[in-house]
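# Structural overview
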Amino acid sequence: MESESAISALSALAQATRLDVFRLLVRHEPSGMAAGDIARQLDVPQNTMSAHLGILARAGLVQSERHSRSIIYRADLDGLRGLMLFLLKDCCGGNAELCAPLVAELAPCC
């Protein structure tokens with residue numbers, strides 16, 4: 001991952017609604033959720049939710065797939081993994097053992 005991609009992902013998550021959307025989609029992996037269901041659950045107007053989902057998609061944090069008349073959104077866990085690896089690259093000045101507790105805590109979710 002390049003710095004610009006990381007900045008895009010971090011800035012997408014630096015807004016409360018988008019962070020809530022991403023966390024909600026992570027909880028609904030692997031099935032994902034329809035855009036309308038996301039909007040209703042978070043009590044956000046659908047047109048506003050569409051804009052938030054677009055920002056998250058361009059940042060590489062969500063993926064969408066059309067199913068009949070619905071668009072199903074899923075958290076892009078590979079995008080999240082890339083962001084985390086970018087942030088942890090050269091962790092602790094090359095002393096990987098210092099990052100071992102963090103990596104161990106992340107391992108069960110992945």
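Computed from a predicted model, the values in this text were never measured in an experiment.

Attention now moves to the pairing of strand E2 (residues 62–67). Alignment of E2 against strand E3 (residues 70–75), held across six bridges, turns out to be antiparallel. Counterpart to Ser-64 in the pairing with E3 is Tyr-73. Two successive antiparallel strands, E2 and E3, enclose a turn made up of two residues, where Ser-68 displays a positive phi of approximately 55°.

An order of E1-E3-E2 is seen for the three strands of this open sheet, with the pairing classed as antiparallel. Only two strands of the sheet have a single neighbouring strand rather than two, namely strand E1 (33–34) and E2.

To continue, consider the nonpolar core. Formed by 21 residues in total, the largest nonpolar core has its most connected members in Val-21, Leu-25, Ile-38, Met-49, Leu-56 and Leu-61. Elements with a contribution of two residues or more to this core: helix H1 (3–13), helix H2 (16–27), helix H3 (35–42), helix H4 (46–58) and E3. With sequence-adjacent residues up to four places away left out, Val-21 is seen in contact with Ile-38, Leu-42, Met-49, Leu-53 and Leu-56.

A few words now on the confidence of the model for the protein. Per-chain confidence: the protein averages 88 in pLDDT, with 92% of residues scoring 70 or above. No element of the protein has a lower mean pLDDT than helix H6 (residues 96–106), which averages 74, and none a higher one than H2, which averages 97.

Along H3, the residues classified as buried are Gly-36, Ile-38 and Ala-39. Around the axis of H3, the buried residues are gathered within 160° of arc, so they sit on the same side. Those residues of H3 hidden inside the fold are in contact with H2, E1, H4 and E3. One or two residues past the end of H3 sits Asp-43, with phi positive at roughly 55°.

Attention shifts here to the packing of H3 against H4. Helix-helix packing is described using two parameters, namely the angle between the two axes and the distance between the axes. Where H3 contacts H4, the two axes come as close as 9 Å, and the packing angle between them is 110°. Taken together, the axes of H3 and H4 are roughly perpendicular relative to one another. Relative to H4, the crossing made by H3 is right-handed. Counting all contacts with H3, which are made through Ala-35, Gly-36, Ile-38, Ala-39, Arg-40 and Leu-42, the residues of H4 involved are Gln-46, Met-49 and Leu-53. Broken down by class, the residue content of the contact of H3 with H4 amounts to six nonpolar, two polar and one charged.

Residue placement: Thr-17 occurs in helix H2. Setting aside chain neighbours within four positions, we find Thr-17 in contact with Val-44, Met-49 and His-52.

A few words now on the packing of H1 against H2. Contact geometry for H1 and H2: axes closest at 6 Å, N-to-C directions at 100°. Judged on the interaxial angle alone, H2 and H1 are roughly perpendicular. Side by side, H1 and H2 meet where Ser-11, Ala-12 and Leu-13 of the first sit next to Arg-18, Leu-19 and Phe-22 of the second. Class assignment for the residues of the contact of H1 with H2 results in four nonpolar, one polar and one charged.

Calculation criteria
- Residues numbered from 1 in each chain as written.
- Predicted model: local features only at pLDDT ≥ 70, side-chain atom pairs only at ≥ 80, totals over all residues.
- Heavy atoms only, no water.
- Pairing = 2+ DSSP bridges.
- Helix = DSSP H or I, 4+ residues; strand = E, 2+ residues; numbered from the N terminus.
- Core = buried A, V, L, I, M, F, W, Y, C linked by side-chain atoms within 4.5 Å.
- Buried < 20%, exposed > 50% of the residue type's maximum accessible area, 1.4 Å probe, protein only.
- Contact = heavy atoms within 4.5 Å.
- pLDDT = per-residue confidence, 0-100.
- Arc of directions from axis to C-beta.
- Axes fitted to C-alpha atoms, helices over the stretch in contact; angles between N-to-C directions.
- Parallel < 35°, antiparallel > 145°, perpendicular 65-115°, else oblique.
- Left-handed = near helix turned anticlockwise from the far one by under 90°.
- Nonpolar A, V, L, I, M, F, W, Y, C, P; charged D, E, K, R; others polar.

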